[in-house]
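Letter by letter, the chains look like this.
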Amino acid sequence: MSRGVIRHFTRADLERREADVVSALEERFGSLERALNEERTGSYPSEDLRLFSEYHAVRFLLGR
């Protein structure tokens, strides 16, 4: 994405992205609950940080 470009997401876009991120977390950790428990420990590989960040960002944008 270029600097200075603003993209607007619809609620449906955000809900689809949330479903994709939850699916990726479930695939990686076995369940969303296990993923969030691992996040609390801080003992996960750094490549998983992107998934956790995106999960919380999308949830924030959806007001959850």
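Above this text you will find the structure in question.
Residues numbered from 1 in each chain as written. Predicted model: local features only at pLDDT ≥ 70, side-chain atom pairs only at ≥ 80, totals over all residues. Heavy atoms only, no water.

Draft legend 1. A look at the packing of helix α1 (residues 11–29) against helix α3 (residues 49–61). Contact pair α1 / α3: the axes reach a minimum separation of 9 Å and the direction vectors enclose 145°. α1 and α3 meet at a crossing whose hand is left-handed. Residues L14, R17, E18, V21, V22, A24, L25 and F29 of α1 pack against R50, L51, F52, E54, Y55, V58, R59 and L61 of α3. In terms of residue class, the contact of α1 with α3 is built from 11 nonpolar, no polar and 5 charged. (Axes fitted to C-alpha atoms, helices over the stretch in contact; angles between N-to-C directions. Helix = DSSP H or I, 4+ residues; strand = E, 2+ residues; numbered from the N terminus. Left-handed = near helix turned anticlockwise from the far one by under 90°. Contact = heavy atoms within 4.5 Å. Nonpolar A, V, L, I, M, F, W, Y, C, P; charged D, E, K, R; others polar.)

Draft legend 2. Structural detail: α1. Taking 1.5 Å per residue, 19 residues should reach 27 Å; α1 reaches 26 Å between its end C-alpha atoms and fits that length. Packed against the buried residues of α1 are α2 (32–41) and α3. Immediately beyond the C-terminal end of α1, within one or two residues, lies G30, with a positive phi of roughly 100°. (Expected span 1.5 Å × (residues − 1).)

Draft legend 3. The arrangement of the pattern of salt bridges in detail. Applying the stated criterion across every chain yields a total of 9 salt bridges. The salt bridge partner of D13 is R16, with a shortest N-O separation of 2.6 Å. You can see D13 and its partner R16 sitting in helix α1, 3 residues apart, about one turn around the helix. Residue E15 pairs with R64 through a salt bridge whose shortest N-O separation is 3.6 Å. One end of the pair, E15, is in helix α1; the other, R64, is in the segment after α3, and 49 residues separate them in sequence. (Salt bridge = Lys/Arg side-chain N within 4 Å of Asp/Glu carboxyl O.)

Draft legend 4. Molecular detail of the packing of aromatic side chains. Following the criterion strictly, the structure yields 2 aromatic pairs and no others. Where F29 meets F52, the ring centres are 5.6 Å apart and the plane angle is 35°; that geometry is what we call tilted. With F29 in helix α1 and F52 in helix α3, the pair connects residues that are 23 residues apart, well separated along the chain. For F29, a relative accessible area of 12% puts it in the buried group. For F52, a relative accessible area of 1% puts it in the buried group. One aromatic cluster is present, formed by F29, Y44 and F52 through successive ring pairs. If you follow R28 out to its NZ or CZ, it ends over the ring of F29, 4.9 Å from the centre. (Phe/Tyr/Trp six-rings, centres within 6.5 Å; stacked < 30°, edge-to-face > 60°. Buried < 20%, exposed > 50% of the residue type's maximum accessible area, 1.4 Å probe, protein only. Lys NZ or Arg CZ within 6 Å of the ring centre and 35° of its normal.)

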